[in-house]
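Read off the chains here:
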Amino acid sequence: MEIKVNEGQLVETTTDQGLDRRVSGEFIGPRGELASYAFGWVSGADSGRVSVGIGAGNPGGATIHAAVFPHDGDIAYALVDEPFETVPQGGPHLTAVEAREHEDLPFIWAVIDAVMALDSRAGWLRHCVLGTASIATAEVLAGGEPVLSVSHDGDDGMWQFIGTSDPTVENGRIGHLHHVVELDVTLIEVLNLGPGEHATRTRVGGPWTRSDANGRRRRRGLLGRR
């Protein structure tokens, strides 16, 4: 049996700090191990949070909480005391010290790695925390055109989002990638493009056609592991 991640809800709440996004889901391990999770971030923040719960109602059941932050060009995690979310499979909330002493902590870290690789919303969190830069046309950012073409440059890592108008030097706008996704959440489907890869579609909600740097089509992939 393969590892499975069943995506749950995405809930958005307006707060004094900005738009708070919280995602939930369930992890199923190769031997049927169950865990539930939640992760979230505030729009524009440089950190996020994640909670993982195991063993609800059983001895050894626990819920651990970690911060998500940038580190060496990627994201990393650190245990924290303050609870983030209560999740269905979780036992008691553990402090960072208690979590470090829990015998199943390696499994919980493995769950977090799998969730960040397989939950499509995790790419949005990753790019927000990393402050990933992008170029979008003025028409896209104004909401006048849908994004129909997305590319991830192989040389400098820049992302580009283009609508129906041809991109020019004059209509290009540099900003943060997560702002573009806020305009169209369906873009989370292509936030796993590797350097040099490109994706196009004919309409919002339609299927993406992906190609590599040499123009070869490829199948829809999974978010890369950290």
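Please refer to the structure higher up on the page.
For the structure given in this document, a descriptive report is provided here. Since the structure is predicted, the reported quantities are computational estimates derived from the model, not experimental observations. Along each chain, numbering runs from 1 in the same order as the chain's sequence is written. The model is predicted, so local features are restricted to residues of pLDDT at least 70 and side-chain atom pairs to those at 80 or more, both for listing and for counting; the totals for chains, interfaces and linings are taken over all residues. Water and hydrogen atoms play no part in the side-chain values, which are based on all heavy atoms of the structure.

Structural notes on the sheet that holds strand β1 (residues 4–15)
Filter applied, for reference: Between any two strands, pairing holds if DSSP finds at least two bridges. Secondary structure elements follow DSSP: runs of H or I no shorter than four residues count as helices, runs of E no shorter than two count as strands, and numbering proceeds from the N terminus. Only the stretch in contact is used when a helix axis is fitted, and all axes are lines through C-alpha atoms; the angle between N-to-C directions ranges over 0 to 180 degrees. Contacts between residues were defined by any pair of non-hydrogen atoms, one from each residue, lying within 4.5 Å.
Reading across from one edge, β1-β2-β3-β4-β5-β6 is the order of the 6 strands in this open sheet, with antiparallel pairing throughout. Since the sheet does not close on itself, it has two edges, and those belong to β1 and β6 (74–79), each with one partner. Strand-to-strand twist of the sheet, defined as the mean angle between neighbouring strand axes without regard to direction, takes the value 20°. Inspection of the sheet shows strand β2 (residues 18–28) paired to strand β3 (residues 34–42) by 9 bridges, in the antiparallel sense. Each residue of the ladder has a partner; that of Glu26, found in β3, is Ser36. Where helix α2 (residues 105–118) meets the sheet, it contacts β1, β2, β3, β4 (48–54), β5 (62–71) and β6, and its direction lies at approximately 125° from that of β4.

A closer look at α2
Put simply, the rule is: By this rule the span expected of a helix is its residue count minus one, scaled by 1.5 Å. Buried means the residue's accessible area, taken with a 1.4 Å probe over protein chains only, is under 20% of the maximum for its type, while exposed means over 50%, and partly exposed covers the values in between.
Across its 14 residues, α2 extends 20 Å between first and last C-alpha, which sits within 8% of the 20 Å expected from 1.5 Å per residue. Within the sequence span of α2, burial applies to Leu105, Ile108, Val111, Ile112, Asp113, Ala114, Val115, Met116 and Ala117.

A few points about the environment of Val150
In this fold, Val150 is placed in strand β8 (residues 149–152). Each C-alpha atom of the pair Val150 and Thr200 lies 6.4 Å from the other, and the pair is 50 residues apart in sequence. For Val150, the residues in contact, after removing those within four places along its chain, are Trp159, Gln160, Phe161, Leu187, Val190, Leu193, Glu197, His198, Ala199 and Trp208.

So, helix α3 (residues 122–130)
Burial within α3 is extensive, with 8 of its 9 residues counted as buried. Within α3 the residues assigned to the buried category are Ala122, Gly123, Trp124, Leu125, Arg126, His127, Cys128 and Val129. Phi turns positive, to about 65°, at Gly131, one or two residues after α3.

Observations regarding the environment of Gly172
Mapped onto the fold, Gly172 is located in strand β10 (residues 172–176). In this view, Gly172 contacts Ile135 and Ala136; residues no more than four positions away in its chain are not counted.

Comments concerning the environment of Ala38
Along the chain, Ala38 falls in strand β3. Taking relative accessible area as the criterion, Ala38 reaches 4% and is therefore assigned buried. C-alpha of Ala38 to C-alpha of Ser24: the two residues are 14 residues apart in sequence and 4.3 Å apart in space. The contact partners of Ala38, leaving out residues within four places of it in the chain, are Val23, Ser24, Arg49, Val50, Ser51, Phe84, Glu85 and Val87.

Digging into the side chain of Ser36
Heads up, the rule is: Distance and chemistry together define a polar contact, namely a pair of N or O atoms within 3.5 Å, with one atom able to donate a hydrogen and the other to accept it when in protein, and with adjacent residues in sequence counting only for side-chain atoms on both sides.
Looking at where Ser36 falls in the secondary structure, it is placed in strand β3. A relative accessible area of 2% means that Ser36 is categorised as buried. At 2.7 Å, the side chain of Ser36 forms a polar contact with the backbone nitrogen of Gln89.

Remarks on the nonpolar core
Heads up, the condition is: Residues enter a nonpolar core if they are buried and are Ala, Val, Leu, Ile, Met, Phe, Trp, Tyr or Cys, with the set joined through side-chain atoms within 4.5 Å.
The biggest cluster of nonpolar side chains holds 48 residues, and the ones touching the most others in it are Phe39, Val50, Val52, Met116, Val150, Phe161 and Leu187. With 7 residues, α2 is the single largest residue contributor to this core. Val52 has contacts with Ala35, Ser36, Tyr37, Ala62, Thr63, Ile64, Val87, Ile108, Val111 and Ile112, leaving out every residue within four places of it along the chain.

A closer look at the pattern of salt bridges
Short version of the rule: Note on definitions: salt bridges are taken to be side-chain nitrogens of Lys or Arg within 4 Å of carboxyl oxygens of Asp or Glu.
Per the stated rule, a full pass over the model turns up 9 salt bridges. Its salt-bridge partner being Arg121, residue Glu7 comes within 3.4 Å of it at the nearest N-O pair. Pair noted here: Glu7 is in strand β1 and Arg121 is in the loop between α2 and α3, with a separation of 114 residues, a long-range link. Here Asp184 ties to Arg201 by a salt bridge, and the two come within 2.7 Å at their closest N and O atoms. On the criterion of sequence distance, the pair formed by Asp184 in the loop between α5 (177–183) and β11 (197–200) and Arg201 in the loop between β11 and β12 (209–211) is long-range, its members being 17 residues apart. When its relative accessible area of 13% is taken as the criterion, Asp184 is described as buried. Exposure remark for Arg201: the relative accessible area of 6% places this residue in the buried category. Residues participating in the shared-partner salt-bridge network are Glu7, Asp119 and Arg121.

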